[in-house]
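So the chains spell out like this:
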Amino acid sequence: MLKNLENIGARLLERFVPSIEASAAQCGCKWFRECWQCPRNQQCKAYCCDGQGCVVRSTWCGARSC
């Protein structure tokens, strides 16, 4: 009986809440001409993930490529 109620509830929920597929964010190294995190806004490389932003380490300041 409880399983039947659970199935009915799941079917009702599917009608009102859109389903989305979760996938891993695409991450990788990017090169920027100017980075505000670096002294004198010099160029840098950063590790960026879609929808999560970028991370710049101080050792990456002045890097000319990834």
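Residues numbered from 1 in each chain as written. Predicted model: local features only at pLDDT ≥ 70, side-chain atom pairs only at ≥ 80, totals over all residues. Heavy atoms only, no water.

Locating Gln43 in the fold gives a position in the loop between strand S1 (27-32) and strand S2 (44-49). Not counting the four nearest positions on each side in its chain, Gln43 is found in contact with Trp31, Phe32, Arg33, Glu34, Cys35, Trp60, Cys61, Gly62, Ala63 and Arg64. (Helix = DSSP H or I, 4+ residues; strand = E, 2+ residues; numbered from the N terminus. Contact = heavy atoms within 4.5 Å.)

Moving on to the state of the cysteines. Tallied over the entire structure, the rule returns 5 disulfides. Cys48 shares a disulfide with Cys54; S-S distance 2.0 Å. Looking along the S-S bond of the Cys48-Cys54 disulfide, the torsion reads about 110°, which is the right-handed sense. Cys48 sits in the buried class, given a relative accessible area of 5%. Take Cys54: its relative accessible area is 40%, and that puts it in the partly exposed class. Regarding the disulfides, the protein chain carries the connectivity 1-7, 2-10, 3-5, 4-9, 6-8 under sequence-order numbering of its bonded cysteines. (Disulfide = S-S within 2.5 Å. Buried < 20%, exposed > 50% of the residue type's maximum accessible area, 1.4 Å probe, protein only.)

Any link to function would need more than the numbers given here.
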